[in-house]
Amino acid sequence: MDGFMMDIIKGMCIMDNDGNRILAKYYDKNILSTLKEQKAFEKNLFNKTHRSNTEIIMLDGLTCVYKSNVDLFFYVMGNAYENELILLSVLNCLYDSISLILKKNVEKRLVLENLEIIMLAFDEICDGGIILDADPSSVVKRVDLRNEDIPIAEQTVAQVLQSAREQLKWSILK
Amino acid sequence: MGSFRRDKDEEEDGPTNAYQNLEKTSVLQETRTFNETPVNARKCIHILTKILYLINQGEVLVAREATDCFFAMTKLFQSKDVVLRRMVYLGIKELSSIAEDVIIVTSSLTKDMTGKEDLYRAAAIRALCSITDHTMLQAVERYMKQCIVDKNAAVSCAALVSSLRLASTAGDVVKRWANEAQEAMNSDNIMVQYHALGLLYHIRKSDRLAVSKLVNKLTRGSLKSPYAVCMLIRIACKLIEEEDVPAEELADSPLYSFIESCLRHKSEMVIYEAAHAIVNLKNTNPRMLSPAFSILQLFCGSPKATLRFAAVRTLNKVAMTHPAAVTTCNLDLEGLITDSNRSVATLAITTLLKTGAESSVERLMKQISTFVAEISDEFKVVVVQAICALCAKYPRKHTVLMNFLSGMLREEGGLEYKTSIVDTIITIIEENVDAKESGLSHLCEFIEDCEHVSLAVRILHLLGKEGPFAATPSKYIRFIYNRVILESPIVRAAAVTALAQFGASCPALLANILVLLGRCQMDPDDEVRDRATYYLCILNSAKPELYKNYIIERENCSLALLEKALSDHLNGDLESHFDISIVPKAAIVKPEINNDVMMVTSAPRAPKITREEESAARLAQLPGIQVLGPIHRSTSPIQLTESETEYTVQCIKHIFAQHVVFQFDCLNTLSDQFLENVRVDLTLPEGYTARAVIPCPKLPYNELQTTFVIVEFPPDASSSIATFGATLRFVVKDCDPNTGEPDSEEGYDDEYMLEDLEITVADQIQKTKKNNFQVAWDAADSEEWLQAEDTFVLSAVSNLQDAVNTIIKILGLGAANLSEKVPEGTHLHTVLCSGAFRGGVEVLVRAKLALSEGVTLNLTVRSTDQDVAELITAAIG
């Protein structure tokens with residue numbers, strides 16, 4: 001058992017539907033410490049998981065829970081003896097936080113467009129292997145700090161239209 | 001609609017992603033933008049994100065680049081943009097390990113950490129701790145204490161988690177924060193509770209009483225965080241295991257009642273943790289286990305894959321310790337065999353195989369065969385391993401299992417999968433005499449159509465070893481000779497060697513073999529021709545002792561050490577002949593059977609090295625060690641102190657032809673002492689001469705260091721069995737526990753009594769394994785060999801198996817022909833074993849045992865050295 005009993009998360013990772021890493025963090029110096037090992041592991045993991053959506057797999061001595069949506073795959077890794085349900089709770093937090101940040105449109109394009117916020121979310125969920133927060137709403141509250149009203153001059157045409165459409169929709173719904 | 005915000009340049013690129021084709025140098029160039037005033041927050045955020053993205057993709061920044069980037073980043077503290085500031089913190093954390101002079105941002109971070117903006121504070125603390133070292137910690141200690149008890153949960157969490165990180169480097173400072181952590185425990189926020197428990201436990205974990213107080217208090221109160229409860233369960237288990245409470249008392253202990261009560265918790269995570277904990281406890285009785293198993297059984301039927309996985313993995317792990325209880329879940333496990341999650345299915349099968357009764361083997365195998373074609377190779381390997389374990393358990397079922405395996409062998413599959421099947425069949429053949437014939441014929445059929453060279457070679461080797469002693473050896477010749485005609489040179493060479501084995505061991509077949517070998521001399525490959533000529537030459541000589549030495553019993557040297565010995569020989573004077581008998585034999589390494597969680601892994605296994613090879617590399621660094629010659633054997637380590645004393649010492653004996661090197665691994669467990677000139681003083685028994693003492697110059701706290709003593713054996717082997725008194729001597733200097741620096745130059749001499757050391761017969765003997773003991777034994781009935789014989793009554797043992805085990809242990813020999821296993825229900829048994837005494841003296845032992853009141857033993861020892869033969873007979877008495 002780990003010295004602290006707190007270093008539960010060995011890694012978190014987001015991949016696209018070709019198995020390319022979008023974001024990945026490994027927290028244990030002794031596990032997958034080199035880039036080469038990490039890439040090999042990710043490739044293997046992706047090959048084993050992208051076709052079957054079955055939530056959990058044991059690979060190279062790590063328990064990996066995963067989830068996919070449209071063109072993204074989310075993974076949380078812990079050691080083979082870890083309580084799988086704890087890992088699952090962290091995975092759910094990661095996914096739900098991103099879903100909240102992206103207003104339910106969890107797809108690669110939007111993840112990349114909001115990468116800075118996603119990076120902050122990663123950092124708020126897990127600090128060096130310790131679960132920092134597992135409640136999506138509180139994670140999002142801490143990271144989604146973007147100023148909602150962008151000066152109109154800096155908005156793109158599409159954004160103006162989009163916001164106009166939204167406002168119209170709400171006014172009709174009322 | 002912030003989520004739809006895009007950068008200008010990105011718009012031009014259309015929908016492609018802004019992070020494709022990033023160039024490290026050009027991105028780093030862009031950091032110049034950071035110097036502009038006023039700071040353009042959005043642009044800078046984007047650049048920072050690109051840098052972090054590159055690092056995350058594995059791009060490596062050298063110290064210079066990282067430092068430049070880091071200093072450019074410090075300019076961004078001017079901006080008040082929240083996201084930008086937070087990205088700067090992330091950047092600081094990422095770069096702190098590569099860049100230099102990172103402490104420059106300490107004051108900025110300290111300001112943010114103590115400031116009013118809550119959105120900064122928590123993240124600033126974590127960034128600060130990533131750049132803080134031991135010396136600077138004193139300066140921020142006051143703030144850290146305040147933050148731990150801060151009303152804002154995020155700030156408190158950040159401070160607690162950072163303290164845990166710091167505890168590994170600055171444990172003594174963090175220890176002083178226990179009161180604050182205690183206060184944080186009372187927080188309403190569940191994460192604060194969890195992190196506070198983590199920190200408190202870490203601070204107190206070396207103090208058993210304090211931990212037990214902490215746990216007792218918390219088990220009564222109600223922790224709200226499920227994570228904290230899970231952790232508390234783990235701590236409680238640790239306490240229970242350490243106390244080693246017997247089952248009857250355990251049921252009433254408050255710790256156990258707490259874990260038991262967690263089975264009714266509202267969070268599944270906690271319920272599972274508790275069930276998992278209970279089934280893994282050492283001292284339990286069925287009544288205590290049953291609720292936990294009911295929970296696991298319930299989880300087996302859950303619609304969530306993770307729950308099913310968790311349950312079946314736990315059942316798999318305890319299948320060996322609580323077979324009866326696991327059997328109650330068999331129905332549920334059988335339902336999981338066809339689970340859509342292959343990890344779950346495989347764990348279910350292997351669990352069933354582990355617990356399966358002898359009668360259900362057939363049914364299970366039928367079930368497995370229905371889906372084995374569908375699963376991936378790795379899972380098949382796991383299934384094969386489980387079958388292997390089953391074979392060992394029910395030897396009588398070998399026909400069913402062997403047929404199943406050979407069926408699997410015929411299917412498509414990769415090398416790893418095929419290797420595991422062949423390994424299993426070989427294991428069965430080696431351990432079960434009845435299965436030998438059928439196993440060999442399955443393997444013969446397999447090599448007829450085998451694309452893997454390594455497997456074909458292994459099987460041919462096995463055929464050569466086992467085939468000559470089968471009922472009809474001639475039937476294997478056809479299979480082997482087919483290889484000579486059809487295969488690649490490597491396989492052909494192996495086949496030639498196998499043929500020669502038959503020629504040497506079956507006189508009836510010799511004439512035919514000579515013809516076949518003659519044909520092999522025409523082979524286009526050099527190696528094959530050479531081997532054929534070599535064997536023909538020996539077989540034509542018609543001298544049984546040549547057969548024995550050069551065909552049947554080939555020297556099984558440790559290759560690494562043989563290489564070393566040869567290169568030493570080449571570097572020395574080339575006057576004398578190279579003597580292969582002094583190279584240590586490759587120790588017979590038994591592969592460890594992993595009965596633990598059946599792991600599915602694709603990582604290559606590390607090559608096995610024997611203890612001798614390991615120590616040869618280590619000892620080679622000692623000055624003057626070459627004079628002693630090559631190493632003969634290294635013993636496994638022996639503790640010379642109780643564990644948890646001031647100093648712990650363990651000893652490994654390295655035996656050479658005429659010398660013994662004692663290696664003492666010393667550990668100083670006192671943090672306020674610094675030891676110098678550490679050495680072990682041995683009281684030598686008569687006959688032994690001290691040759692050298694190699695002290696260890698410095699032994700700081702908690703570092704394993706080694707000192708050696710070299711002693712020469714007495715000239716006559718009979719007085720080599722002796723006991724050594726041992727004392728650890730050293731110079732003590734008091735030191736500061738925090739820095740490890742000695743307080744003064746002055747130290748004083750001190751000593752510490754160690755337990756006595758022994759040199760036994762077994763220490764001096766390296767096991768060997770004879771493929772054909774009888775041939776070796778008969779060949780030893782000649783002039784050069786000497787024999788000693790004696791009869792003993794062993795009163796201490798009551799059955800034959802115990803007697804056999806004792807003899808093999810005392811003598812340290814390797815048993816041949818599976819004679820170390822006593823068949824059940826017999827009164828007479830013969831053990832055949834062999835070994836090499838130091839100096840390369842061969843030893844053969846035949847021990848006849850008879851069970852009457854006690855066990856009567858008739859021991860015959862044959863050796864090339866009279867002293868050694870007598871020594872061995874004396875060792876039993």
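These numbers were taken from a predicted model, which means no experiment stands behind them. (Residues numbered from 1 in each chain as written. Chains lettered and ligands numbered in written order. Predicted model: local features only at pLDDT ≥ 70, side-chain atom pairs only at ≥ 80, totals over all residues.)

Q: Account for the overall build of chain A, naming residues and giving values.
A: Scanning chain A for helices and strands turns up 6 helices and 7 strands. Start at the N end of chain A and walk to the C end: the helices and strands fall as β-β-α-β-β-β-α-α-α-β-β-α-α. By the burial criterion, 44% of the 174 residues in chain A qualify as buried. (Helix = DSSP H or I, 4+ residues; strand = E, 2+ residues; numbered from the N terminus. Buried ≥ 20, exposed ≤ 12 C-beta atoms within 10 Å, placed from the backbone.)

Q: Describe the overall build of chain B, naming the residues involved and giving the relevant values.
A: A tally of helices and strands in chain B yields 38 helices and 16 strands. The buried share of chain B, taken over its 877 residues, is 40%. Here the analysis covers contacts within chain B between residues at least 6 apart in sequence; of these, 64% occur between residues at least 24 apart. (Contact = placed C-beta atoms within 7 Å.)

Q: Explain the sheet that holds strand β9 (residues 722-734) of chain B to me, and be specific about the residues and the numbers.
A: Residue and element names in this part refer to chain B. Sheet architecture is open: 4 strands sit in the order β7-β5-β9-β10, paired in antiparallel fashion. Strands with a single pairing partner mark the edges of an open sheet, and in this sheet they are β7 (696-699) and β10 (748-759). Taken pair by pair, the neighbouring strands of this sheet meet at an average axis angle of 30°, ignoring direction. Bridging between β9 and β10 involves 10 bridges; their strand directions are antiparallel. Paired with V732 across the bridge in β10 is Y748. (Pairing = 2+ DSSP bridges. Axes fitted to C-alpha atoms, helices over the stretch in contact; angles between N-to-C directions.)

Q: Describe the sheet that holds strand β1 (residues 11-16) of chain A, and please don't skip the residues or the numbers.
A: All names here are of chain A. Spatial strand order, β2-β1-β5-β4-β3: 5 strands in an open sheet with antiparallel pairing. The open sheet has two free edges, formed respectively by β2 (21-26) and β3 (56-59), since each of these has just one partner strand. Taking each pair of neighbouring strands and ignoring which way they run, the sheet shows an average axis angle of 20°. In the sheet, strand β4 (residues 62-69) pairs with strand β5 (residues 72-79) via 8 bridges, with the strands oriented antiparallel. Bridge pairing in β5 places K67 opposite F74.

Q: Run through the packing of helix α3 (residues 41-56) of chain B against helix α5 (residues 82-95) of chain B, naming residues and quoting values.
A: Residues and elements named next belong to chain B. In contact at an axis separation of 10 Å, α3 and α5 are set at 25° when each is read in the N-to-C sense. Looking at the two axes, α3 sits roughly parallel to α5. Where α3 crosses over α5, the two elements pack in a sense that is left-handed. For the pair formed by α3 and α5, the contact residues are A41, C44, I45, L48, T49, I51, L52 and I55 on the first element and V83, L84, M87, L90, G91 and E94 on the second. Of the residues that constitute the contact of α3 with α5, the class distribution is 11 nonpolar, 2 polar and 1 charged. (Parallel < 35°, antiparallel > 145°, perpendicular 65-115°, else oblique. Left-handed = near helix turned anticlockwise from the far one by under 90°. Nonpolar A, V, L, I, M, F, W, Y, C, P; charged D, E, K, R; others polar.)

Q: Please provide a residue-by-residue account of the pairing of strand β14 (residues 828-837) of chain B, values included.
A: All names here are of chain B. In terms of residue burial, β14 counts as a mostly covered element, since 8 of its 10 residues are buried. The sheet contact formed by strand β11 (residues 765-768) and β14 spans 4 bridges and is antiparallel. Counterpart to K767 in the pairing with β14 is G835. Note that strand β13 (residues 814-815) and β14 share 2 bridges and pair antiparallel. When the sheet's bridge partners are listed, G814 is paired in β14 with S834.

Q: Outline the nonpolar core, listing residues and values.
A: The nonpolar side chains of a soluble globular protein tend to be buried with one another. One finds V90 of chain A together with V496 of chain B to be the most contacted residues of the largest nonpolar core, which totals 239 residues. Aside from chain neighbours lying at most four places away, what touches V496 of chain B is V484, L517, C520, V528, R531, A532 and Y535 of chain B. Counting 35 residues, the second largest nonpolar core, distinct from the first, contains F656, V680, L682 and F708 of chain B. (Core = buried A, V, L, I, M, F, W, Y, C linked by C-beta atoms within 7 Å.)

Q: Go over the environment of I271 of chain B with me, naming the residues and quoting the values.
A: Position of I271 of chain B relative to the elements: it lies in helix α17 (residues 268-280). Placed 11 residues apart in sequence, I271 of chain B and E260 of chain B show a C-alpha to C-alpha distance of 9.3 Å.

Q: Outline helix α2 (residues 84-101) of chain A, listing residues and values.
A: An ideal rise of 1.5 Å per residue puts 26 Å on 18 residues; α2 of chain A measures up with 26 Å between its terminal C-alpha atoms. Most of α2 of chain A sits out of view: 14 of its 18 residues are buried. (Expected span 1.5 Å × (residues − 1).)

Q: A description of unusual backbone geometry should follow, citing residues and the corresponding values.
A: All names here are of chain A. For L32, which is not glycine, the phi torsion reads 50° and is therefore positive. Considering the arrangement of structural elements, one finds L32 in the loop between β2 and α1 (35-49). For V70, which is not glycine, the phi dihedral falls at a positive 45°. Of note, V70 is situated in the loop between β4 and β5.

Q: Which residues make up the environment of L353 of chain B, and what values go with them?
A: All names here are of chain B. Structurally, L353 is set in helix α22 (residues 342-355). Residues L353 and L364, spaced 11 residues apart in sequence, show a C-alpha to C-alpha distance of 7.6 Å. Beyond its immediate stretch of four places on either side in the chain, L353 contacts L364, A386, I387 and L390.

Q: Quick rundown of helix α6 (residues 106-114) of chain B? Include the residues and the values.
A: Residue and element names in this part refer to chain B. Residues of α6 that are buried include every one of L109, D112 and M113, and no others. All buried residues of α6 fall inside an arc of 100° around its axis, so they share one side. In this structure, α6 carries S107 and K111 as exposed residues pointing more than 90 degrees from its buried face. (Arc of directions from axis to C-beta.)

Q: Can you explain the confidence of the model for chain B? Please cite residues and give values.
A: All names here are of chain B. On average, residues of chain B score 82 in pLDDT, and 92% of them are at 70 or above. Ranking the helices and strands of chain B by mean pLDDT puts α17 first, with 92, and helix α1 (residues 8-12) last, with 41. With pLDDT under 50 throughout, residues 1-15 is counted as low confidence; its partners more than four residues away or in other chains account for 22 contacts. Counted against residues more than four places away or in other chains, residues 589-607, with its pLDDT under 50, gives 27 contacts. In the predicted assembly, ipTM is 0.85 and pTM is 0.67. (pLDDT = per-residue confidence, 0-100.)

Q: Please set out the confidence of the model for chain A residue by residue, giving values where relevant.
A: Per-residue confidence for chain A averages 84 on the pLDDT scale, and 83% of its residues sit at or above 70. Within chain A, helix α6 (residues 157-173) of chain A has the poorest average pLDDT of any element, 67, and α2 of chain A the best, 94.

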